[in-house]
Number of protein chains: 2
Amino acid sequence: MSMSSEPPARRRPTHRKGRATLTRESIGRAALDFLGRRGPAELTMRSLATDLGVSPRAIYNYVEDRRDLITVAAEIFEADWQPPQLVPTPDRWRTDLRAYCADLRAHYRRHPGMTSLALRENITLARHPTMLRNVDALIGFYATVGLPLPDAYRACMETIRLVVGFVEFQDSLHDHPPAHLDPAEHSQPLPSWLQPDGPGGDLPHLTRLQEDTRQPDSPDTLFAFSVQILIDGIGARVAGGEF
Amino acid sequence: MSMSSEPPARRRPTHRKGRATLTRESIGRAALDFLGRRGPAELTMRSLATDLGVSPRAIYNYVEDRRDLITVAAEIFEADWQPPQLVPTPDRWRTDLRAYCADLRAHYRRHPGMTSLALRENITLARHPTMLRNVDALIGFYATVGLPLPDAYRACMETIRLVVGFVEFQDSLHDHPPAHLDPAEHSQPLPSWLQPDGPGGDLPHLTRLQEDTRQPDSPDTLFAFSVQILIDGIGARVAGGEF
DNA sequence: ACCTGAACACCGTTCAAGT
DNA sequence: ACCTGAACACCGTTCAAGT
C-alpha cells in the first residue's frame with residue numbers, strides 16, 4: 001500500500017557478514033534440511049548453529065527454544081507437501097486414494113524422524129493454512145465417496161495415521177538400519193526379531209513362514225497390503241450407499 | 001539338577017546395604033515403572049539411579065548403555081502382556097479381534113512413551129519368547145480366518161502397527177496433554193490444530209464439522225472406528241473363502 | 001565383586017558484553 | 001539490532017580408587 005512519494009521504509013538488512021540474515025523461517029528450513037541429511041539424533045542447537053555459521057545463541061533471537069524450533073520445522077514440512085488430486089468418482093476413488101497414500105508416504109520418508117521428534121517434544125501438528133486445506137480436501141473426498149461427515153473426518157485421521165505409522169515403524173528401520181543389525185538380515189524372510197530359534201520353539205506359523213518364504217516382503221509390498229485393507233474397509237462402509 | 005549331598009553353590013548375595021542387589025532384570029523393570037510414573041522425558045541414567053538408591057555408575061555394571069537399558073525395559077514390557085484368547089470361528093472372529101486390539105491398546109497405554117523411546121533409540125523390538133508366541137498366535141488366527149499365510153503375517157503386522165500408532169499419536173496426546181494446551185480445547189469439536197480460523201478460510205468441511213458437532217469424538221470412538229475399518233478390510237479379503 | 005566420587009565431553013539455555 | 005564468548009545446570013559415560 002505504500003505510495004512511491006514516501007521515503008522507503010527502513011528495511012531489515014538482508015545480509016550480515018557475508019551470509020543471509022537469519023529469520024524464523026530460514027532457521028526452520030535449515031532444521032528441516034538438517035533432519036533430511038543427518039537425522040534427528042544429530043540435530044542439536046549447537047550443530048545447527050555451526051551449520052548456519054553462527055553461535056548457538058543467535059538462534060534464540062528467532063525461536064523460543066528447541067521445542068519451538070522443531071515446531072517451525074514441522075510447519076514448513078507440512079506446508080511443503082502438495083497432495084495429488086483426489087477425484088471421488090465410482091470407478092476411480094480407490095486408485096486415487098492409493099496414489100494419495102503413496103505420495104504422503106514419500107513426503108514423510110524425505111524427512112526421517114520428523115514425526116518421532118515432534119512426538120518426543122509433545123508438539124501438536126502445526127496449524128498451517130496449507131495443511132488445513134489438505135485435510136479439508138481429504139475429508140471432502142471421503143464425504144463424496146459416501147461417508148457421513150463425522151465418519152469422513154475419522155477416515156481422514158486414520159489414513160494419515162496409517163501412513164505416518166508405516167513410515168515411522170517400518171520404513172525408518174529399512175531406510176536407516178541401526179548399526180547393530182548386520183546387512184545379512186535383509187535377505188532373511190522374517191526380520192531378525194521374529195525369527196524362531198529352532199524346531200523346539202513351538203511357533204508353527206513363524207517356522208513355516210521362515211521355511212516357505214523365498215524372499216522377504218519389500219516395504220512397498222507391505223504398504224500396498226495395508227492400504228488395500230484401508231480401502232476395502234472404507235469400501236465396506238460405503239457399500240450400497242456409494243454415490 | 002543339584003543333589004542334596006553337594007555343598008550349596010556359592011550364591012550371589014541378594015542384598016547389599018539394605019536394598020536388593022541390582023540385576024539386569026530389576027533395572028529394566030525399574031526403568032519400565034519409571035516410564036509409567038514419570039514419562040520418557042524424565043528417564044535418565046541419573047534419575048533412575050537416584051530412584052534405585054545407587055550412583056549412576058552402578059547401572060553400567062548391568063547394562064551396556066542407555067540404549068541397552070531401554071532394550072531391557074522393552075523386553076520386559078512385551079513379555080508382560082498376556083493377550084486375550086482368539087477364537088477364529090465364523091461368528092466370533094470379529095468380536096474377538098476387537099477385544100484383542102482393545103487389550104493391546106490398554107497395554108501400551110500403561111507405559112506411555114515406551115514406543116517412541118524405542119523408536120528414537122533405533123531399537124528393534126526385543127526378541128522375547130512370550131512375544132514370539134503372541135505374534136505366532138495372531139498369525140495363526142488370521143490364517144484360520146481364511147487368509148493365506150503370507151497375508152496373515154502382513155495382517156498381523158498391520159494390526160500391531162494400527163494399535164501402536166493409535167496409542168502414540170492419539171492417546172498419548174489425550175492422556176498426557178502438553179502444557180501449552182489449555183484444558184478448554186478438550187470440549188471443542190475439533191482439536192486445536194484443525195480449527196478453521198473463520199468464515200474466510202474456504203475450508204467447508206472443517207467449518208461444517210466445527211459447527212455441527214455437539215461434542216468431540218472420544219479416543220474410544222476413534223479407536224473403534226479404526227478397528228472397524230481394519231476388520232472390514234480383512235473381512236473383504238476373506239469374503240467367499242471364509243472357512 | 002560391586003560400588004562411589006570425580007572427571008570429561010556434550011547438551012540446552014542464559015548472561016553480560018561487544019559492534 | 002543482532003551477534004559473540006563465557007558460564008550454568010544438566011546429561012551419558014568413563015576412570016581411578018575404595019570396601
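Residues numbered from 1 in each chain as written. Chains lettered and ligands numbered in written order. Predicted model: local features only at pLDDT ≥ 70, side-chain atom pairs only at ≥ 80, totals over all residues. Heavy atoms only, no water.

Chain A has the name TetR/AcrR family transcriptional regulator in an unreviewed UniProt entry, where Streptomyces albipurpureus is given as its organism.

**Some points on the UniProt feature "DNA-binding region" (unreviewed entry) in chain A**
As a reminder, the rule being used: UniProt positions are given in the numbering used here, feature names are shortened, and annotations may be inferred rather than shown by experiment. Every helix listed is a DSSP run of H or I at least four residues long, and every strand listed is a run of E at least two residues long, numbered separately from the N terminus.
Cross-referencing UniProt, the feature "DNA-binding region" (unreviewed entry) maps to residues 44-63 of chain A in the present numbering. As annotated, residues 44-63 of chain A comprises 60% helix and 0% strand, and the C-alpha atoms at either end are separated by 14 Å.

**Notes on the packing of helix 8 (residues 149-175) of chain A against helix 10 (residues 219-238) of chain A**
Residue and element names in this part refer to chain A. Condition: Lines fitted to C-alpha atoms define the axes here, with helix axes fitted over just the stretch in contact, and angles between the N-to-C directions of these axes take values from 0 to 180 degrees. An angle counts as roughly parallel when it lies under 35 degrees, as roughly antiparallel when it exceeds 145, as roughly perpendicular when it falls between 65 and 115, and as oblique in every other case. Crossing handedness: left-handed means the near helix sits turned counterclockwise from the far one by under a right angle, and right-handed means the same turn made clockwise. Contacts are assigned to residue pairs that have any heavy atoms within 4.5 Å of one another.
As a packed pair, helix 8 and helix 10 sit with axes 11 Å apart at the nearest point and diverge in direction by 170°. It follows that helix 8 is roughly antiparallel to helix 10 by the angle criterion. Crossing of helix 8 against helix 10: the hand is right-handed. The residues of helix 10 that touch helix 8, namely those facing Asp151, Ala155, Glu158, Thr159, Leu162, Val163, Phe166, Gln170, Asp171 and His174, are Pro219, Leu222, Phe223, Ser226, Val227, Leu230, Ile234 and Arg237.

**Quick look at the relation of the copies chain B and chain A**
The condition is simple: C-alpha atoms of residues with pLDDT of at least 70 in both copies form the basis for the least-squares superposition of the copies.
Here chain B sits on chain A after a turn of 180° about the axis and a move of 0.0 Å along it, with an RMSD of 0.0 Å. Both chain copies can therefore be described as sitting about a two-fold axis. Residues of chain B ranked by C-alpha distance from the rotation axis are headed by Gly233 of chain B, positioned 2.0 Å from it. Same-surface contact between copies: 100% of interface residues of chain B are shared with the interface of chain A.

**Examining the protein's contact with DNA strand D**
Definition in use: Any residue with at least one heavy atom within 4 Å of a molecule or strand is counted as near it. Here a polar contact means two N or O atoms within 3.5 Å. Within protein one must be a hydrogen donor candidate and the other an acceptor candidate, and residues neighboring in sequence count only if both atoms are side-chain atoms. For this classification, Asp, Glu, Lys and Arg are treated as charged, while Ala, Val, Leu, Ile, Met, Phe, Trp, Tyr, Cys and Pro are nonpolar and the rest, including Gly, are polar.
Every one of the 17 residues lining DNA strand D counts as a neighbour, but Ser55 of chain A together with Met45, Arg46, Tyr60 and Arg66 of chain B are closest to it. By atom count, sugar and phosphate contribute 54% of the portion of DNA strand D lying within 4 Å of the protein. Here Arg66 of chain B contributes a backbone N or O atom positioned 2.9 Å from a phosphate oxygen of DNA strand D. If you list the elements that add at least two residues to the surface near DNA strand D, you get helix 3 (56-59) of chain A together with helix 2 (45-52) of chain B. Of the residues that constitute the surface near DNA strand D, the class distribution is five nonpolar, three polar and nine charged.

**Concerning the interface of chain B and chain A**
Applicable threshold: Note on definitions: buried area is the accessible-area loss of two parts on being combined, 1.4 Å probe, summed for both. Think of a salt bridge as a Lys or Arg side-chain nitrogen and an Asp or Glu carboxyl oxygen that are within 4 Å of each other.
Tallying the contact residues gives 65 residues for chain B and 65 residues for chain A. Of the roughly 6100 Å² buried between chain B and chain A, counting both surfaces, carbon and sulfur atoms make up 68%. Across the chain B-chain A interface, the total number found is two salt bridges. Between Arg154 of chain B and Asp217 of chain A there is a salt bridge, with its nearest N and O atoms 2.7 Å apart. Our enumeration of links across chain B and chain A arrives at 18 residue pairs in polar contact (both at pLDDT 80 or more). Elements represented by at least two residues in the side of chain B that touches chain A include exactly helix 6 (114-120), helix 7 (129-145), helix 8 (149-175), helix 9 (204-212) and helix 10 (219-238) of chain B.

**Here's the deal with the pattern of salt bridges**
Between side chains of opposite charge, a pair can form when the charged atoms approach closely. Rules: Only protein chains enter the calculation, and the probe is 1.4 Å; a residue is then buried if its accessible area is under 20% of its type maximum, exposed if over 50%, and partly exposed in between.
By the definition in use, this model includes 36 salt bridges over all chains. Close ionic contact of Asp51 of chain B with Arg37 of chain B constitutes a salt bridge, the shortest N to O distance being 3.0 Å. Of the two residues, Asp51 of chain B is situated in helix 2 and Arg37 of chain B in helix 1 (residues 24-38); the sequence distance between them amounts to 14 residues. For Asp51 of chain B, a relative accessible area of 38% corresponds to the partly exposed category. Linked by salt bridges that have partners in common, Arg105, Arg109, Asp171, Asp175 and Asp220 of chain A make up one network.

**A closer look at the protein's contact with DNA strand C**
By nearness alone, 17 residues border DNA strand C, and Met45, Arg46, Tyr60 and Arg66 of chain A together with Ser55 of chain B come closest of all. With respect to DNA strand C, the side chain of Arg57 of chain A contributes an N or O atom lying 3.0 Å from a base nitrogen. For the surface near DNA strand C, the elements supplying multiple residues, two or more each, are helix 2 (45-52) of chain A together with helix 3 (56-59) of chain B. Per-class residue counts for the surface near DNA strand C are five nonpolar, three polar and nine charged.

**Points about helix 7 of chain B**
Convention followed: Under the convention used throughout, the expected extent of a helix is 1.5 Å for every residue step, that is, one less than its residue count.
The terminal C-alpha atoms of helix 7 of chain B lie 24 Å apart, and with 17 residues this matches the ideal 24 Å at 1.5 Å per residue to within 8%. For helix 7 of chain B, a buried count of 12 out of 17 residues is recorded, marking the element as mostly surrounded by other parts of the structure. Of all the positions in helix 7 of chain B, only Thr130, Met131, Leu132, Asn134, Val135, Asp136, Leu138, Ile139, Gly140, Phe141, Tyr142 and Val145 of chain B are classed as buried. Each element contacted by the buried residues of helix 7 of chain B is listed here: helix 9 (204-212) of chain A together with helix 4 (66-79), helix 5 (93-109), helix 8 and helix 10 of chain B.

**Regarding the environment of Arg98 of chain B**
Residue and element names in this part refer to chain B. Considering the arrangement of structural elements, one finds Arg98 in helix 5. When its relative accessible area of 36% is taken as the criterion, Arg98 is described as partly exposed. Between the C-alpha atoms of Arg98 and Val227, which are 129 residues apart in sequence, the distance is 6.8 Å. Arg98 has contacts with Val227, Gln228 and Ile231, leaving out every residue within four places of it along the chain.

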